[in-house]
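# Per-entry structural report
So you can see what is in the structure, the chains are spelled out below.
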Amino acid sequence: MAGAAERSDLIPEEGARGRRLPMGGPARSVWEAVMQGAVDVAVRAYEDLSPGQRERVLVDSANVPAQARTALVDVLRRARDFAGAARLLEAQGADAEAATLHEQAGSLLMAAEAWLRAGEPARAAAAFERGGALERALELYRSLEARESMAHCLTRLQRPLEAAEVYHALGYAHAELEALRGVPSEHPRRREAVLRMCALLDEQGESMRALVLLADARQESAAAREDEVLKAEHLRLLRHLGLSDGSPASGESSSPVAERPGATPDGYEYLKAIPIFGELALEDLKDLYRVARQVVIPEDTTVLEKGARGTGLLVLLEGTVEVSSGPGPEARRLNTLGPGAWLGEISLILDGPTSAHVRSSSTVRALRVTRADFQHYLATHEAAALRIYRLFTHNLAERVRVLST
């Protein structure tokens, strides 16, 4: 009787040379459908199991031939049990496939370890960063000499001076400035950070903003107010701006608040105004701003070529561009855009051809966010990605509605 009962829980596999598959309890219907090649039936049967019963199927799979396990992986994929399918693939040494499924399941740290085993350190680093294991991500980025990603991690780890050093080496002045803003007032190298921020602003033609920053920094403590180096920089900026020592700007207890006429914009406010970024939290928006790069485009240069693949977002800071229906002399002029306008935001998300031709009508200074950098940003900022996709979908649907009416 015991032998008969044991055999009732086992179903022989064809061509398995006498080996039998475990078939206990409710999982029996899953295995029967798998063995018969009825994938849809197996998927439905698996979905109907309780969590404990599904776990039993996974445990039993260790004792079945490879062909049955491969079939079960397909069943689990279709049933959306990505974590279960990843476990089976890992057992077979298919780590790259397993990593992708772990990501779909939201198990980012497990995905990162699988990417490492698969020999994909860059993808492992991104998964560690997304999963909050920033030190592990930083270690990998260092080994890969991925300096931009290193700087992003250092910023998120609240190590602004180290991040600023990396940005300085890369020549990303505005990102360096943003990183230095994160140095707290009590930090022993606060004076160094303040002086460097003043220098950066001064170089960008923002001497009044540098003076405001310095005046505020000198109010942070008694030591800062008496610091001779900060005093000397304060006086230098006053002279540079043509302000007398007795003006309100030079007072110890007041700060100048007016912007110098003609000061050049840094692009943060323009980036903030783009509709698809309208729901980003402060830190997420600052991180996106650090991703952007300042570029200079000479006069009479093709900025975007109609029909070519989009390369990302361009936010105009200075100068103007002409938007037309095509590159030829017979093309119809559609618009003239200047500071504060943006181009190519759709190409950040959709990889398609550019719908218009854009050419600079003067020297243009702009912020550029490449598609590759933006995709990495989305991969490492999940809450921001959700907000961006929601607004992008809403705006796209609104455009379709307007066109259809």
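Provided above is the structure to which this section pertains.
Just so it is clear, the structure is predicted and the values come from calculations on it, not from any experiment.

## Quick notes on the environment of glycine 278
Along the chain, glycine 278 falls in the loop between helix H18 (268-272) and helix H19 (282-291). Under the relative-accessibility criterion, glycine 278 is labelled exposed at 55%. Note: C-alpha distance between glycine 278 and isoleucine 388 (110 residues apart in sequence) is 8.1 Å.

## Some points on the pattern of salt bridges
According to the stated counting rule, one finds 33 salt bridges in the structure shown. One salt bridge connects glutamate 97 with arginine 77, and the closest N-O pair in it is separated by 3.0 Å. Placement of glutamate 97 in helix H7 (residues 95-105) and of arginine 77 in helix H5 (residues 66-78) is noted, with a sequence separation of 20 residues between them. We note a salt bridge from arginine 189 to glutamate 192, for which the minimum N-O separation is 2.7 Å.

## Thoughts on helix H4 (residues 51-60)
Buried within H4 are the following residues: Val57, Leu58 and Asp60. Across the axial projection of H4, the buried residues extend over an arc of 170 degrees, all falling on one side.

## Focus on the packing of helix H9 (residues 121-130) against helix H20 (residues 371-380)
What describes two packed helices is the angle between their axes and the distance between those same axes. Orientation of H9 relative to H20, taken along the N-to-C sense of each, is 45 degrees, at an axis distance of 8 Å. Accordingly, the angle class assigned to the pair H9 and H20 is oblique. On H20, the residues touching Ala126, Glu129 and Arg130 of H9 are His376, Ala379 and Thr380. Of the residues that constitute the contact of H9 with H20, the class distribution is two nonpolar, two polar and two charged.

Scoring rules and cut-offs
As a convention, each chain's residues are numbered from 1 in the sequence order in which they are written. For this predicted model, a pLDDT threshold of at least 70 governs which residues receive local features, and a threshold of 80 or more governs which side-chain atom pairs are given and counted, while totals over whole chains, interfaces and linings are taken from all residues. Side-chain numbers come from the whole structure's heavy atoms, not from hydrogens or water. Helix numbering and strand numbering both begin at the N terminus, where a helix is a DSSP run of H or I of at least 4 residues and a strand a DSSP run of E of at least 2. Note on exposure labels: buried denotes an accessible area under 20% of the residue type's maximum, exposed denotes more than 50%, and partly exposed covers the range between, all computed with a 1.4 Å probe on protein chains only. Here, a salt bridge means any Lys or Arg side-chain nitrogen found within 4 Å of an Asp or Glu carboxyl oxygen. Working definition: the arc comes from the directions between the helix axis and the C-beta atoms, pointing outward to the latter. What counts as an axis is a line fitted to C-alpha atoms, over the stretch in contact for a helix, and the angles between N-to-C directions run from 0 to 180 degrees. Relative orientations are named as follows: roughly parallel for angles under 35 degrees, roughly antiparallel for angles over 145 degrees, roughly perpendicular for angles from 65 to 115 degrees, and oblique for any other angle. In this description, contact between two residues means that some pair of their heavy atoms is separated by no more than 4.5 Å. Three categories are distinguished: nonpolar for Ala, Val, Leu, Ile, Met, Phe, Trp, Tyr, Cys and Pro, charged for Asp, Glu, Lys and Arg, and polar for the others, with Gly belonging to the last.

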